[in-house]
Structures are given as structure tokens and as C-alpha cells.
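Read off the chains here:
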Amino acid sequence: MSWAWRIATIAGIPINIHGTFAVLIIFLLVSGLAAGRGIASAVSSVLFILAIFVTIILHELGHALTARRFGIKTRDITLLPIGGLARLERMPDVPRQELWVALAGPAVNVVIAVGCYVLLLVATGIAPVLTLDPSAAGFLGRFTAVNFALAIFNMVPAFPMDGGRALRAVLAERLDYTRATEIAASIGQGLALVFGLVGLFANPILVFIALFVWMGASSEATAAGMRAALTGIPVSRAMVTDYRTVPAGSRLRQAVELVLMGDQRDFPVVDYAGEIVGILTRDQLMSALSQQGPAGMVDEAMTTAFETVDAREMLDGAYLRLQQSSSPVLPVMDEGRVVGLLTAENVAEYVMIRGALAPGRRG
Ligand code: ZN
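Model, not experiment: these values are computed from the prediction.

Engineer: Help me out: how do you make sense of the coordination of the zinc ion in this one?
Structural biologist: Under perfect tetrahedral coordination by four donors, a metal shows angles of 109.5 degrees; under perfect octahedral coordination by six donors, it shows angles of 90 or 180 degrees. Protein coordination at the zinc ion: the donors are His59 (NE2), His63 (NE2), Asp162 (OD) and Asp162 (OD), at 2.0 to 2.7 Å from the metal. Coordination at the zinc ion is irregular: its four donor atoms span angles of 53 to 149° at the metal. When the donor residues of the zinc ion are listed from N- to C-terminus, their spacing reads H-x3-H-x98-D. Of this pair, His59 and His63 both sit in helix α2 (residues 38-69), four residues apart, which is roughly one turn of the helix. Of the two residues, His59 and His63, neither departs from the other in class, the shared state being buried.

This is the structure in C-alpha cells:
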């Protein structure tokens, strides 16, 4: 993720912090001082935000370390001003595993909240009042309240909240995955509508959250529908077969001509024997052009470390690898030769055509 800096590595997982987070800290300091509350109050509100962000790291680590137990690695955890994001390498295939991974995050908040509550109770001898109001509660009391709030907020059964994933996992134990996602997404969108309506009258932040939930729910439904549409279909059915190749050893100007000729953006580079030796993407071509000019060599601009897919491989797995790959295109191989290209646009077109032809979708 751009604009993000690595601040630590915990349990082998890089922890990044987004640049806008620094802006938030400066804003809190400046606005606290400008409001005339004094430096101590401004520093205390910054410390409070830092404490919450440590909590969010722990929440995300809850997801990541539970996923690791099921053999799923986490690429990184990034802290954004709106919360945390753990990028798992893949989602669990087994619903029960997805349920545990989803629940592990909010569970961390519950543990922290209960721990702090007990600490306050023991220290003061009276049951603490849980409120987010800075004037009514002390640092630890507010921290406890925030953790309870985070656990409840994340368990709202709507994508992309953890509660939405947990709900889908529970449904997927009984229904098929796509149907479970559709139901969970509809519930999410219904809740988003309620949030939005309430927010219009009560709190504009709710409208913002509603929008976020609505978009998360619909993108999750699309992704699941895509996955279902691609299962059991070989790559050869959805690959690009009408494409051009760049001969190895050619100059950049030849590649430029090919780019201008049609709408193909990324090209396999093949040697005289027809064997693929690299991939030249449009971005690589452009940056090489600006550095070396049209007489530069294609072989120096292309990637030689590239992934391929087999024409007989199933589309769902191949598409997942394409999404995870840094390259916008994967060459499709059949017995050692390139027979096509797999691109996200072509797969999307294939899904669209299948959807249009599906029985029961007409009329
Ligand atoms: Zn979470």
C-alpha cells in the first residue's frame, strides 16, 4: 500500500502505518491547543488515540494469528485512521475456519475491555461508569468503553464488518457459499439502509458508515458470484486467444507500434523458437521509453520472473492467482507453448456473458 510506512514486524507480520495517521495526530494536537485546553490535555488525547491504535493492531493480529493456525499467511497489517486492515493471502475455504478468523478480532477487544473493567473495579472498589464522554470518565474508563464499542460495532452482521463474515460462515455451514453470501450481503445492505436513515436525522457519521457497509456488502456479493461462476471451468474457455507477441531482441519502438495498433496493453515476449522468455507490460514499456528512448531493448524492460497458468487449470484458482500476482496478465501454457493470455477484463467479460445466457435470468 502506498503512503504507508513499516513501523514494526510482529510474529513475522509487517505492521504498516498509513501517512494520513500522522495527519490525524497533528490535527488532534493543534486543535486541542487551539481550543485552549492546554498542552497536557492535547497530549492526553494523542496518547488516547495511540492506545486505541495499539488495540486495533491487537484486533487485526487476532484475525491474522487465527488464520495462521489454518495455514493462511498474512501479507501485512495496515493502520488507517478509520481502522485496521489485515491482508490475508486468501480467505479460508472451510466455513468453520472463516467463522473463527472473523470472531478472533472482536474477541480481542472483549478480552481487553473485560480486563480493564476488572482492573478498574479492583483499583477503585466501585463499578466503573462506561462512557465515551471525555469529561465523565478517566483514561482507563474511556479505553474500556472504546473496546466494548469496537467489539459491538465489529459484530454488526454486515459486510465488511467481522459480524458479516461470521454470519456468512454460519449460513455457509447449511447453504452453498454463493447463496450464503447473497443472504449475508442483503442483510448488510438492509442494515446499511437503516443506518443511513437514522444517520440522516441523528448523526452524519452514521451515513458515512452506511455507505461503507453498503459498498462492502455489494463487492463481497460480486466476488462470491464471480467465484461461483468460475468453478469447474477450464482457463482455455475464458482466455484471450487473439493477441500479439513481441519478438525477443526487438527495440522498444516495435513494441510501441503494437500498443498503438490495437487495445492490447501487455505482451508476451517470445524467442525465435516461439518460447516465452518474458512479459512486457505497458507500464514497463512507458518507463523504459522515458529512460532509454525508442531504441532501447525490449529484453531490458521486460519481466523475466513471471507466473504462468495451464490451459486445463480451473478458472477459479487461476483467477485468484492472477489477482494476487503483480502482473496484470498471466500467459496460458499448453505443453510448453503460449496459447493465450489470462486478463481480469476477459474473465469479467466471460462471467458477464455466462450471466446473460443463464436460464431464468431472462424476461
Ligand atoms: Zn476485525
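Moving on from the model shown.
Engineer: Just to check I follow, could you spell out the pairing of strand β1 (residues 4-10) for this structure?
Structural biologist: A regular strand places its side chains on the two faces of the sheet in alternate fashion. Here β1 runs beside strand β2 (residues 13-18); their pairing, made up of six bridges, is antiparallel. Counterpart to Ala4 in the pairing with β2 is His18.

Engineer: Even after reading the chapter, I still don't get the pairing of strand β3 (residues 74-80), so can you show me in this structure?
Structural biologist: In terms of burial, β3 is largely enclosed, as six of its seven residues are buried. Inspection of the sheet shows β2 paired to β3 by three bridges, in the parallel sense. Note on β3: the bridge partner recorded for Ile15 is Ile77. Sheet topology places β3 next to strand β4 (residues 83-88); six bridges connect them, and they run antiparallel. Its bridge partner being in β4, Thr78 is matched across the sheet by Leu85.

Engineer: Explanation requested: the sheet that holds strand β9 (residues 329-334) in the structure shown.
Structural biologist: If you trace the three strands from one edge of the open sheet to the other, you get β8-β9-β10, paired in mixed fashion. A strand with exactly one partner marks an edge of an open sheet, and here the two such strands are β8 (309-310) and β10 (337-343). Of the strand pairs in this sheet, β8 and β9 are connected by two bridges, and their pairing is parallel. Each residue of the ladder has a partner; that of Val309, found in β9, is Val332. Helix α11 (residues 315-324) contacts β8, β9 and β10 of the sheet and is inclined by roughly 75° relative to β10.

Cut-offs applied
Residues numbered from 1 in each chain as written. Predicted model: local features only at pLDDT ≥ 70, side-chain atom pairs only at ≥ 80, totals over all residues. Heavy atoms only, no water. Donors = N, O, S within 2.8 Å, 3.2 Å for Na, K, Ca; no water. Tetrahedral: all angles 85-135°; square planar, octahedral: opposite > 155°, others 65-115°. Helix = DSSP H or I, 4+ residues; strand = E, 2+ residues; numbered from the N terminus. Buried < 20%, exposed > 50% of the residue type's maximum accessible area, 1.4 Å probe, protein only. Pairing = 2+ DSSP bridges. Contact = heavy atoms within 4.5 Å. Axes fitted to C-alpha atoms, helices over the stretch in contact; angles between N-to-C directions.

Read these as geometric descriptors, not functional statements.
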